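If you want the building blocks of each chain, they are given just below.
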Amino acid sequence: DVKVTQSSRYLVKRTGEKVFLECVQDMDHENMFWYRQDPGLGLRLIYFSYDVKMKEKGDIPEGYSVSREKKERFSLILESASTNQTSMYLCASSLAGGEVYSNQPQHFGDGTRLSIL
Amino acid sequence: AQSVSQHNHHVILSEAASLELGCNYSYGGTVNLFWYVQYPGQHLQLLLKYFSGDPLVKGIKGFEAEFIKSKFSFNLRKPSVQWSDTAEYFCAVMRGNTGFQKLVFGTGTRLLVSP
């Protein structure tokens, strides 16, 4: 069974701090994703990566950056945390699918509930 | 831009009632369709998916969904809900079937089933 592990379930930080959220998957998936989940807004894609050291902006990348130095690990970085980044952050991974099939389901971690004070 | 609409934000049902959650999307080409469920305190998990073939898709826990291309819809159904179905349900759409495509989620529907 696919396991996507996020380093913290709950995190409290102060405005202006640099915050790191870590995600590790154990299924050798090529694709990894970071979403934020807010009530009434569903899941919104922040960044994704389809290979080591590759990253692409999602729909709401402002204020965030990512790092993928190893295939199994995808980190989300809040360069200078602000109160509007208080949210639930979800990491996901999926198989690449290649040129023929891109329609592989994503597997999600338990989420990190981040509060910025 | 591609969008996914879930018209019901909150649904309250009694046990044994039938369920139908609406999902409509705006993209006109080939799509891959998903329903995810998030039980309280748990991670999102895949309920069912449609890639091609029979438009009536059966998933886990007695759920099914029907893809109606002419209506751009992928509604989720269950004939008789249980208290344990209390959760938030997300419809998601992936455009096309080649190359890398993002998954676009709806805003979710919170289902509360009263015993």
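Predicted model, so just to flag it, every value in this text is computed and none were measured.

Novice: Before we go on, may I ask you to explain the overall build of chain A in this structure?
Specialist: Within chain A, the secondary structure is distributed over zero helices and 11 strands. The order of helices and strands in chain A, counted from the N terminus, is β-β-β-β-β-β-β-β-β-β-β. For chain A, the C-alpha radius of gyration of 14 Å lies close to 13 Å, the compact-globule estimate for 117 residues. Its C-alpha atoms give chain A principal-axis dimensions of roughly 45 × 30 × 25 Å. A burial count over chain A gives 47% of its 117 residues as buried.

Novice: Teacher, can you tell me more about the overall build of chain B here?
Specialist: The helix and strand tally for chain B stands at zero helices and 12 strands. Mapped in sequence order, the helices and strands of chain B form the string β-β-β-β-β-β-β-β-β-β-β-β. For 115 residues, the compact-globule estimate of 2.2 N^0.38 gives 13 Å, and the C-alpha radius of gyration of chain B, at 14 Å, lies within 12% of that figure. For chain B, the spread of C-alpha atoms along the principal axes amounts to about 45 × 25 × 20 Å. A burial count over chain B gives 46% of its 115 residues as buried. Pairs at least 24 residues apart make up 56% of the contacts formed inside chain B by residues separated by at least 6 positions.

Novice: Which parts of the structure should I look at to understand the packing of aromatic side chains?
Specialist: Aromatic rings in a pair are described by how distant their centres are and how their planes are angled relative to each other. Under the definition given, this model contains 13 aromatic pairs over all chains. Geometrically, the ring pair formed by Tyr 25 of chain B and Phe 72 of chain B is edge-to-face, given 5.7 Å between the ring centres and 75° between the ring planes. Linking Tyr 25 of chain B in strand 4 (residues 24–25) with Phe 72 of chain B in the loop between strand 8 (64–68) and strand 9 (73–78), this pair joins segments that are 47 residues apart in sequence. Through a chain of ring-to-ring contacts, the aromatic side chains of Phe 33, Tyr 35, Phe 48 and Phe 108 of chain A together with Phe 34, Tyr 36, Phe 51 and Phe 105 of chain B assemble into a single cluster.

Novice: Sorry, what's going on with the sheet that holds strand 8 (residues 73–78) of chain A here?
Specialist: Sheet strands pair via backbone hydrogen bonds, and the direction of the pair is either parallel or antiparallel. Residue and element names in this part refer to chain A. An order of 1-3-8-7 is seen for the four strands of this open sheet, with the pairing classed as antiparallel. Edge positions in the sheet fall to strand 1 (4–6) and strand 7 (64–70), since each of these pairs with one other strand and no more. For this sheet, the mean angle separating the axes of adjacent strands, direction not counted, is 20°. The pairing of strand 7 with strand 8 spans five bridges and is classified as antiparallel. When the sheet's bridge partners are listed, Ser 65 is paired in strand 8 with Ile 77.

Novice: Explain the environment of Leu 33 of chain B to me, please; I cannot follow it from the model alone.
Specialist: All names here are of chain B. Along the chain, the position of Leu 33 falls in strand 5 (residues 31–38). Judged by relative accessible area, which is 0%, Leu 33 ranks as buried. Residues Leu 33 and Phe 51, spaced 18 residues apart in sequence, show a C-alpha to C-alpha distance of 6.7 Å. Ignoring sequence-local partners within four residues, the contact set of Leu 33 consists of Tyr 25, Leu 48, Lys 49, Tyr 50, Phe 67, Phe 74, Ala 92 and Val 93.

Novice: What am I meant to see in the nonpolar core here?
Specialist: Considering soluble globular proteins, one finds that nonpolar side chains tend to be buried as a cluster. In terms of nonpolar packing, the biggest core is built from 29 residues, with Leu 33, Trp 35, Leu 47, Leu 48, Phe 74, Leu 76 and Tyr 89 of chain B touching the most fellow members. Mapped by element, the contributors of at least two residues to this core are strand 2 (10–14), strand 3 (19–21), strand 5, strand 6 (45–50), strand 8, strand 9, strand 10 (87–95) and strand 12 (109–114) of chain B. Of all hydrophobic cores here, the second largest spans 20 residues; its members include Val 4, Tyr 64, Leu 78 and Ala 81 of chain A.

Novice: I would appreciate a short explanation of the pattern of salt bridges in the present structure.
Specialist: Side-chain pairing between opposite charges can occur once the charged atoms of the two side chains come close. Under the criterion given, the structure shown has 12 salt bridges over all chains. In this structure, Glu 79 of chain A engages Lys 18 of chain A in a salt bridge whose closest nitrogen and oxygen atoms are separated by 3.7 Å. Here Lys 18 of chain A lies in the loop between strand 2 (10–13) and strand 3 (19–25) and Glu 79 of chain A lies in the loop between strand 8 and strand 9 (87–94), a separation of 61 residues in the sequence. The salt bridge involving Asp 85 of chain B is made with Lys 78 of chain B; its shortest N-O contact spans 2.9 Å. Note on Asp 85 of chain B: relative accessible area 2%, which makes it buried. Sharing partners across several salt bridges, the network here consists of Lys 58, Glu 64, Glu 66 and Arg 77 of chain B.

The rules behind these values
- Residues numbered from 1 in each chain as written.
- Chains lettered and ligands numbered in written order.
- Predicted model: local features only at pLDDT ≥ 70, side-chain atom pairs only at ≥ 80, totals over all residues.
- Heavy atoms only, no water.
- Helix = DSSP H or I, 4+ residues; strand = E, 2+ residues; numbered from the N terminus.
- Rg over C-alpha atoms; globule rule 2.2 N^0.38 Å.
- Buried < 20%, exposed > 50% of the residue type's maximum accessible area, 1.4 Å probe, protein only.
- Contact = heavy atoms within 4.5 Å.
- Phe/Tyr/Trp six-rings, centres within 6.5 Å; stacked < 30°, edge-to-face > 60°.
- Pairing = 2+ DSSP bridges.
- Axes fitted to C-alpha atoms, helices over the stretch in contact; angles between N-to-C directions.
- Core = buried A, V, L, I, M, F, W, Y, C linked by side-chain atoms within 4.5 Å.
- Salt bridge = Lys/Arg side-chain N within 4 Å of Asp/Glu carboxyl O.

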